[in-house]
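The primary structure of each chain is shown beneath.
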Amino acid sequence: SDIEAAREHCHFMFFIWLDDAAGVRIGEALISAASRGVQCRVLVDAVGSKAFLRSALCRKMRDGGVQVVDALPANAIRALFSRLDLRNHRKIVVIDRELAWTGSQNLAEASFAPKPEFAPWIDCAVRLQGPAAKELHLLFVEDWYLDTDESLVRFLMTPVPLRPGGVPAQAFGTGPNFHNLAATNALQSFIHEAEQKLVMTTPYFVPDVATVVNLATAARRGVEVHLVVPLRNDSRLVGLASRSSYGTLLEAGVRIHEFEGGLLHAKTITVDSDISLVSSANLDRRSLFLNFEAGLYVYDQDFTSQLRFLQQSYIESSRTV
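Worth saying up front: this structure is predicted, and the values here are computed from it rather than measured.

Here is what the cut-offs are and how they apply
- Residues numbered from 1 in each chain as written.
- Predicted model: local features only at pLDDT ≥ 70, side-chain atom pairs only at ≥ 80, totals over all residues.
- Heavy atoms only, no water.
- Axes fitted to C-alpha atoms, helices over the stretch in contact; angles between N-to-C directions.
- Helix = DSSP H or I, 4+ residues; strand = E, 2+ residues; numbered from the N terminus.
- Parallel < 35°, antiparallel > 145°, perpendicular 65-115°, else oblique.
- Contact = heavy atoms within 4.5 Å.
- Nonpolar A, V, L, I, M, F, W, Y, C, P; charged D, E, K, R; others polar.
- Expected span 1.5 Å × (residues − 1).
- Buried < 20%, exposed > 50% of the residue type's maximum accessible area, 1.4 Å probe, protein only.
- Arc of directions from axis to C-beta.
- Pairing = 2+ DSSP bridges.

Asks: So what exactly am I meant to see when it comes to the packing of helix α6 (residues 182-193) against helix α7 (residues 209-220) here?
Replies: Each pair of packed helices gets described by two things: the angle between the helix axes and the distance between those axes. Two numbers describe how α6 lies on α7: the axes approach to 9 Å, and their chain directions differ by 10 degrees. Classified by the angle their axes make, α6 and α7 are roughly parallel. Note on element contacts: α7 touches α6 through Ala210, Thr211, Asn214, Leu215 and Ala218, opposite Leu187, Gln188, Ile191 and His192. For the contact of α6 with α7, the residue count by class is 5 nonpolar, 4 polar and no charged.

This is the structure in structure tokens:
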């Protein structure tokens, strides 16, 4: 619906785009938008979307006027000169400057064809309108320039007005070019900020020492700390690494829940009844220090309550360790 309503541009950045029902539906919507003069740009990670970039759908989109570009190209020759392990893991959509989407959702069906044995994949994304959309757009513009040398700064020159009845929100981006450790600093701040209840959901939990110590400390000072992860992880090694920190956390009183209804892929945090985070970043070192990631902080009780209800539904579909 948002693509169909677009008047000027549709800018998409995804780590994984599949040529399944969801990918085809969105791809055809972009082709239709391009045919009526909307500028459509799609940036997909060269590794995460390798199959899509070679697909008939990608060729059809390009033939239909959609610019499709592979982010951070990877091949044997490039491996001699660049870090192929640095990937663009962001999920960002910006339409007509003022409307954006971000979160954990790749452009794929919940059945996730590459790994159907772990399906359904359970995601969380947020749709927003207002100035925070411009901040996400800035990340797309930077990423696009990195891989195309085409400047889209003109799209950022128009102010995005505040919307009546809105809530305070803050978009963020992290990556190996930022040098601000924003993701891990925010994570530690959230843990320290919690006074009553802290709920975290992530598919990949491979924390650094600071995260383990701070979560344990929060539980010991009386915070109700919940960690929700998948029971069956699509990476056996990551699953084993996650469980290696269970002992310390459980001993301190952290409540760990293993989700049984599929592969829980949502990356969310709620702090008390006040602060929320929805992002593309996992709670592991790859996301915190290597990948390009994006997300949204929301400082609003109503939004946090809604996200907490979603998190609670994950807990109710989990077994407690």
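So, next bit.
Asks: What's the story with α7 in this structure? I'm lost.
Replies: The periodicity of an α-helix, 3.6 residues per turn, causes residues three or four places apart in sequence to face the same way. In a regular helix each residue adds 1.5 Å, so 12 residues correspond to 16 Å; α7 covers 17 Å between its end C-alpha atoms and thus fits that length. Of the positions making up α7, those classed as buried are Thr211, Val212, Asn214, Leu215, Ala216, Ala218 and Ala219. Gly222 occupies a position one or two residues after α7 and carries a positive phi of about 105 degrees.

Asks: What exactly am I supposed to notice about helix α4 (residues 56-63) here?
Replies: Residues Leu57, Cys58 and Met61 constitute the buried set of α4. Mapping the buried residues of α4 onto a view down its axis gives an arc of 100 degrees, with all of them on the same face. For α4, the secondary structure elements touched by its buried residues are α2 (21-35), β2 (39-45), α3 (50-53) and β3 (67-71). Looking one or two residues beyond α4, the residue adopting positive phi is Gly65, at roughly 95 degrees.

Asks: Even after reading the chapter, I still don't get the environment of Leu136, so can you show me in this structure?
Replies: Mapped onto the secondary structure, Leu136 falls in helix α5 (residues 131-148). Separated by 36 residues in the primary sequence, Leu136 and Ala100 have C-alpha atoms spaced 7.4 Å apart. Ignoring any residue separated from it by four or fewer positions in sequence, one finds Leu136 in contact with Ile92, Val94, Ala100, Thr102, Leu128, Ala171, Ala294 and Gly295.

Asks: Would you mind showing me how to read the sheet that holds strand β14 (residues 268-271) here?
Replies: Two pairing modes exist for strands in a sheet, parallel and antiparallel, and in both the strands are linked by backbone hydrogen bonds. Taken in spatial order, the 8 strands of this open sheet run β8-β17-β15-β14-β9-β11-β12-β18, and their pairing is mixed. Edge positions in the sheet fall to β8 (169-174) and β18 (318-320), since each has one partner strand and no second. Direction aside, neighbouring strands of the sheet carry axes that sit 15 degrees apart on average. The pairing of β8 with strand β17 (residues 293-299) spans 6 bridges and is classified as antiparallel. When the sheet's bridge partners are listed, Phe172 is paired in β17 with Gly295. In the packing of α5 onto the sheet, the strands contacted are β8 and β17, and the crossing angle to β8 comes to about 10 degrees.

Asks: Would you explain the pairing of strand β9 (residues 197-201) in this entry?
Replies: Every regular strand shows the same layout, with side chains that alternate between the two sheet faces. Here β9 lies mainly inside the structure; 4 of its 5 residues are buried. As judged from the 5 bridges shared by β9 and strand β11 (residues 224-230), these two strands associate in the parallel manner. Bridging from a neighbouring strand, Leu198 pairs with Val225 of β11. As paired elements, β9 and β14 share 4 bridges and run antiparallel to each other. By the bridge assignment, Thr201 is partnered in β14 with Thr268.

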